[in-house]
Amino acid sequence: VRLRRGIHATERASAKTIRLALRWMLILATACLLAPPGFQIRLQSFETALIVAFALSNVALTLLPAAHFRSRNLEFLIVIGDTFLVSLGLFRSGLEGGDLPIAFFLNLLLAALGRDLPRIMAGATLVSGFYLYLTRRQGDAGSLELTSLLLRIPFLYMVALYYGHLVIQARLEQDRSRQMERKTYELRTLHEIASATTSTLDLKEVLYVIVQHIARLVNALRCSILTVDERGGRCTILASSDDPAVAGLTLDSAKYPEIRRAMETHQPVVIDDISREPMMDQMRGALEKLGFQSIMVLPILFRDDLLGMLFLRAARSAKGFTSEEVTACRIVANASANAIRNAKLFEQAQTVSRSHKEAADKLQNILDHFPDLIYTTDLEGRITEFSRGGEALLGLRRSAALGKNCADLYTDPEARERLRRLLREGRPLQSFETDVRCADGPPRQVMVAAALMRDESGVPYGTVGIIKDIADVRAARKHLVQAEKLSAMGELVSGVAHELNNPLAGVLGYSQLLMRGPMEPRQQKAIDRIFESALRCQKIVQNLLAFARRYPSEKRHLGLNGIVEKTLDLKEYQLRVNNVKVVKRLDPDLPKTMLDFNQIQQVLLNVINNAQQAMASHRGQGTLTITTSTRDGRILLEISDDGPGIPGDLLGKIFDPFFTTKPVGEGTGLGLSVSYGIVKDHGGRISADSAIGQGATISIDVPILSEGSIPAIADPAPRGTTPAGGKGRALSILAVDDEAVILDLIVDAFGRDGHRVDTAAGAREALEKIEKGSYDILLLDLKMPEMDGRDLFQTIRTRWPALSRRVIFASGDTLHPDTQRFIEQSGCRCVDKPFKLEVLAGAIASLAGESDPLEASAGGA
Ligand code: ADP
């Protein structure tokens, strides 16, 4: 500032000196003009007084301080005074011929209009020369001395020089003040942009203020700020001075060569006149239509980053943009860079904070809706976060839980120790099962998972954990164990039962054979015992097989009520003789669902048998109540009795295989475990409820399933054999079985009845015998090694179709759906193994009586 003041002072001092020097010269020139011929100066003349006054005024001005000298009023006064004195001088010098005043005024005119001093002086020379020429030619010179005439020339020169200097100075002054004005305007613009950027961080508003000001500053038709995507070659208008609505519009930089160039060079592109710019050839027409003649593109840079473009279009072809305008715009563009950057940073910060808030809300939402307890603690174990799920689990309000020590939630000292270890050593807790205290009831079984939380640099700052109620999981796990137990048991049992079947058939068969012959009463009794025991064994084996059954059930769309009614019909007699009254509360609107008739009937039989036995042994009578209903989208079946009930400690065991409280020989302990398996297979649940002395209730529920693709069918026709008929004619029988004892039994039993019995130990032998001999009846075992009964049957059907209608199958597993389907399709009879001899005899007799056996074979017994 001091330097600038110094410069100003020096400038002012030199301007004053020049001015005073010129004035002295003007005074001198005027004095010369007025000097009488021969320079005989009279001191008291008007001319002398005039010159002295002129000189004195200059002395006075010399004494005046330079700073005051250039005040506008004084300046004006001096010019008026000077003109007055010079005019007086001119007037007194004698206006002969009027040439001198003309030359004088011509010089004044030159000074007023002249562009610079040399030109003014050149003009003055011409005027002076012309004046001399005219004066000499007119011959006025005669009245004037040559010296006086020549002395007028410096006067004319000085007038031109002095006034020319004044005019040039005034012009310079005017330019300077115009520049000052411009600078002030620029500064004001910058100030306004700066205050706009500090008053708002809204990028749009900031940019709009900037474009408005710049457009005004350079008088542009349109000023826009664009963001540029340098890679994609696209620009987006952020703000435009003439139309706020175009903000957001995307421009393809391919159509804007000036923008492309600025993008490539990062340098301003200034086109003063598009009509002379080859780059704009293609766009010229369109731009001229809009009235745009001059274009300026200024990159807005922050360091080396191109933040955007300042894009100006104006309508001034003649002048284009001045360098001051370009500079001003560059200054504003630079100032805008900061503003744009700040606003962008603010916008980014807002986006980040918005996304942080969204993340926090999401997290809170998870905490609020997660069914388990999610908590966090500090490093002292104090709870710092406690989710809503925890309120329900622990019966503890969040506000009460916060600040509590997490270890206090647990009843088990080991759990507390584990938590301490987590805080001490960072060892996480995984699937740890324990109990938590519950404010509104007994402790709850839960599973805990917890881990240490660390900050970015790995320093621990707390723990996070999830506590999950696992009462349901435990129950499910118990069921799973039960199911696994059953499955393993089933595997074993099925093998054993199959192995038992054949020897049992021998025992049963031979005891029956013996019973037919004559014997002593003691022997008779013993044989009866053997036969009864074998029958019991057979029942057990059948139960075992049913229990072990691992083939898929045959579910159809059936009503449960119908199965209940049919089962009660079957049991009607037994229930009546045991004095059991039956109360049915069957929901008439019960929906149908997918059920396996036989299996569900078996469940019902098992449960009803248990109830009936319990009531009979308790009071010798009772009431059996069977209820069906729908609840929670499932079908519910409840079978209640008023027997002795089931003691609490046994309730958990009654579904175990082989669990029975019945006397030896009466119970197998398989009824309920078989039922359990069947119900589970139907997607259902079975449970028992009982109060001692008040009976027991077995509840079964199954899901309501729609029909699917399997058609609902009528109840399956009862399977079995025709009743034994009387003795018929002698038949020729071929028995095929891999078990020798069965073959022997059949030979013994049916040979005695007068039939001819042939045997084959396998399919191949059977085929050989059929080929050679002729048979009325074929007894085929279904399960044989190498070729089984089915394949043998198929071969027979192809080769001897008539004989294939004389087949009776024997199978240990006639309950298997595959077996059932095969037998149904074959159209043949089937007897269960081990069989009672009468059953087999009945089957043979009924087949023999059906049609003439001779049709099927060539020979006969
Ligand atoms: P089992 O009938 O051969 O004993 P179950 O599996 O059917 O085998 O039954 C297991 C045990 O459950 C029975 O021995 C009996 O103690 C008990 N139980 C089942 N139903 C009842 C009932 N309605 N009342 C009392 N006890 C029952």
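Everything discussed here concerns the structure shown above.
About the cut-offs
Residues numbered from 1 in each chain as written. Predicted model: local features only at pLDDT ≥ 70, side-chain atom pairs only at ≥ 80, totals over all residues. Heavy atoms only, no water. Helix = DSSP H or I, 4+ residues; strand = E, 2+ residues; numbered from the N terminus. Contact = heavy atoms within 4.5 Å. Phe/Tyr/Trp six-rings, centres within 6.5 Å; stacked < 30°, edge-to-face > 60°. Buried < 20%, exposed > 50% of the residue type's maximum accessible area, 1.4 Å probe, protein only. Lys NZ or Arg CZ within 6 Å of the ring centre and 35° of its normal. Pairing = 2+ DSSP bridges. Axes fitted to C-alpha atoms, helices over the stretch in contact; angles between N-to-C directions. Salt bridge = Lys/Arg side-chain N within 4 Å of Asp/Glu carboxyl O. Near = heavy atom within 4 Å. Polar contact = N/O pair within 3.5 Å; in protein donor to acceptor, adjacent residues only side chain to side chain. Areas by Shrake-Rupley, 256 points an atom, 1.4 Å probe, with all protein chains shown as cover. Nonpolar A, V, L, I, M, F, W, Y, C, P; charged D, E, K, R; others polar. Patch = residues over 30% accessible without salt bridge, like charges linked within 9 Å, V, L, I, M, F, W, Y side chains within 5 Å. Lys, Arg positive; Asp, Glu negative; His and termini not counted. Charge placed at Lys NZ, Arg CZ, Asp CG, Glu CD. Disulfide = S-S within 2.5 Å.

A. Inspection of the environment of Ile530 at higher detail. Examined against the element boundaries, Ile530 turns out to sit in helix 16 (residues 521–548). In the structure, Ile530 is positioned 479 residues away from Ile51 in sequence and 175 Å away in space, judged by C-alpha atoms. Contacts of Ile530, omitting those with residues within four sequence positions, involve Val507 and Ser511.

B. Here's a closer look at the packing of aromatic side chains. Scanning all chains against the criterion turns up nine aromatic pairs. With a centroid separation of 5.9 Å and an interplanar angle of 85 degrees, the aromatic rings of Phe793 and Phe822 are classed as edge-to-face. Here Phe822 lies in helix 24 (residues 817–826) and Phe793 lies in helix 23 (residues 789–799), a separation of 29 residues in the sequence. For Phe793, a relative accessible area of 1% corresponds to the buried category. Clustering of aromatic rings is evident, with ring pairs tying together Phe104, Phe105 and Phe155. One cation-aromatic arrangement involves Arg790 over Phe822; the distance from NZ or CZ to the ring centre is 5.2 Å.

C. Geometry of the sheet that holds strand 20 (residues 756–760). Judged by pairing direction, the sheet is parallel, and its five strands sit side by side in the order 20-19-21-22-23 without closing on themselves. Sheet topology places strand 20 and strand 23 (829–832) at the edges, where each strand pairs with a single neighbour. Geometrically, the sheet is characterised by an average inter-axis angle of 20 degrees between neighbouring strands, direction not taken into account. The pairing of strand 19 (residues 732–736) with strand 21 (residues 777–781) spans four bridges and is classified as parallel. Its bridge partner lying in strand 21, Val736 is registered against Leu780.

D. Fine view of the pattern of salt bridges. The full count for this structure, using the stated rule, is 31 salt bridges. Here Glu173 makes a salt bridge to Arg176, at a shortest N to O gap of 3.9 Å. Placement of both Glu173 and Arg176 in helix 7 (residues 146–199) is noted, with a separation of three residues, approximately one turn of the helix. Residues joined by salt bridges that share partners form a network here, namely Glu417, Arg420, Arg421, Arg424, Glu425 and Arg427.

E. Highlighting the site of the ligand. If you check the shell around the ligand, you find 17 residues, and the closest are Asn610, Asp641, Thr660, Thr661 and Lys662. Asp641 places a side-chain nitrogen or oxygen 2.7 Å from a nitrogen atom of the ligand. Within the backbone of Gly669, one N or O atom sits 2.8 Å away from an oxygen atom of the ligand. When the free accessible area of the ligand is taken as 530 Å², the share hidden by the protein chains comes to 92%. At the level of secondary structure, the elements contributing two or more residues to the shell around the ligand comprise helix 18 (597–618) and helix 20 (671–681). Examining the composition of the shell around the ligand, we find that three residues originate from one element, helix 18, more than from any other. Each residue belonging to the shell around the ligand can be placed in one class, and the counts come to seven nonpolar, eight polar and two charged.

F. Region of interest: a negative patch on the surface. Together, Asp229, Glu230, Asp304 and Asp305 make up a region of like negative charge exposed at the surface. You can see Asp304 is positioned in the loop between strand 5 (294–302) and strand 6 (305–314). For Asp304, a relative accessible area of 69% translates into the label exposed.

G. Here's a closer look at the pairing of strand 2 (residues 234–240). As defined by bridge partners, strand 1 (residues 222–229) adjoins strand 2 across six bridges and the pair is classed as antiparallel. Across the sheet, Leu226 pairs through a bridge with Ile237, a residue of strand 2. Once strand 1 ends, the chain turns through four residues before running back antiparallel as strand 2, passing Gly233 with a positive phi of about 70 degrees. Taken together, the three bridges between strand 2 and strand 3 (residues 250–252) define a ladder with antiparallel strand orientation. The partner of Thr236 across the bridge, within strand 3, is Thr250.

H. Region of the structure containing the state of the cysteines. Tallied over the entire structure, the rule returns zero disulfides. The thiol sulfur of Cys329 is not disulfide-bonded, and the nearest other cysteine sulfur, from Cys223, lies at 7.2 Å.

The analysis is restricted to geometry; functional conclusions fall outside its scope.
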